[in-house]
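Fold and contact review
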Amino acid sequence: FGSAAVVVATLRNNRDHYISTQLHLVKPKDIDLISAVPDGNGKTTTNILLKPREEMEVPFFFNMNEEYTPGFHYDYTFSLSSTLVAREALTHIRVKEDAPHFYARGIPVLLLG
């Protein structure tokens, strides 16, 4: 009962000038990253440039493993960090049989300024 999932990071530039940052996503080893937007490079690190006061959503798309045991559920934790902030943001995805494609709690907004 594998499926695809997306983790969306929301970034907000609170400054009155352009800023650039590098996002780094930490994911479980057995989850395959399909692509990271905006550059679609399939890597867990991506570079972002934000205009003054801009807010941007950055999705990371995944393939979830199809070799799950029926009757069980599987929880995965993802974390996201930026070179501009000291804290990490966390989200959790639960995969289980006969469920919608995925359950997820969103990553909170990373304030970059």
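The shown structure was predicted, so the numbers you read here are calculated from the model rather than taken from an experiment. (Residues numbered from 1 in each chain as written. Predicted model: local features only at pLDDT ≥ 70, side-chain atom pairs only at ≥ 80, totals over all residues. Heavy atoms only, no water.)

**Concerning the overall build of the protein**
Helices and strands together make up the secondary structure of the protein, namely zero helices and nine strands. Listing every helix and strand of the protein by position from the N terminus yields β-β-β-β-β-β-β-β-β. Across the 113 residues of the protein, 35% fall into the buried class. Residue pairs at least 24 apart in sequence account for 67% of intrachain contacts in the protein once pairs closer than 6 positions are excluded. Only carbon and sulfur atoms are counted for the fraction: they give 50% of the accessible area of the protein, which is about 6600 Å². (Helix = DSSP H or I, 4+ residues; strand = E, 2+ residues; numbered from the N terminus. Buried < 20%, exposed > 50% of the residue type's maximum accessible area, 1.4 Å probe, protein only. Contact = heavy atoms within 4.5 Å. Areas by Shrake-Rupley, 256 points an atom, 1.4 Å probe, with all protein chains shown as cover.)

**Description of the nonpolar core**
Membership of the largest hydrophobic core comes to 22 residues, with the highest contact counts inside it found for Phe-62, Met-64 and Phe-78. Mapped by element, the contributors of at least two residues to this core are β1 (4-12), β2 (19-26), β4 (45-50), β5 (55-63), β6 (73-82) and β7 (89-96). Ignoring anything within four residues of it in the chain, the contact list for Phe-78 reads Val-7, Leu-25, Val-26, Lys-27, Pro-28, Ile-31, Phe-62, Ala-89, Leu-90, Thr-91 and Ile-93. (Core = buried A, V, L, I, M, F, W, Y, C linked by side-chain atoms within 4.5 Å.)

**A closer look at the pairing of β4**
A one-sided burial pattern is seen for β4, the buried positions being Thr-46, Ile-48 and Leu-50 and the unburied ones Thr-45, Asn-47 and Leu-49. Summarising the sheet, β2 and β4 pair through six bridges and their orientation is antiparallel. Bridging from a neighbouring strand, Ser-20 pairs with Leu-49 of β4. (Pairing = 2+ DSSP bridges.)

**With respect to the pattern of salt bridges**
Applying the stated criterion to the full structure yields two salt bridges. The residue Arg-12 makes a salt bridge to Glu-55 at a minimum N-O spacing of 2.7 Å. You can see Arg-12 sitting in strand β1 and its partner Glu-55 sitting in strand β5, a full 43 residues away along the chain. The exposure class of Arg-12 is partly exposed, given its relative accessible area of 29%. Note that Arg-53 is salt-bridged to Asp-16, the shortest N-O span being 3.1 Å. Highlighted residues: Arg-53 in the loop between β4 and β5 and Asp-16 in the loop between β1 and β2, separated in sequence by 37 residues. (Salt bridge = Lys/Arg side-chain N within 4 Å of Asp/Glu carboxyl O.)

**Describing the side chain of Thr-21**
You can see Thr-21 is positioned in strand β2. Overall, the relative accessible area of 6% leaves Thr-21 in the buried class. One polar contact links Thr-21 to Thr-83, side chain to side chain, over a distance of 3.0 Å. (Polar contact = N/O pair within 3.5 Å; in protein donor to acceptor, adjacent residues only side chain to side chain.)

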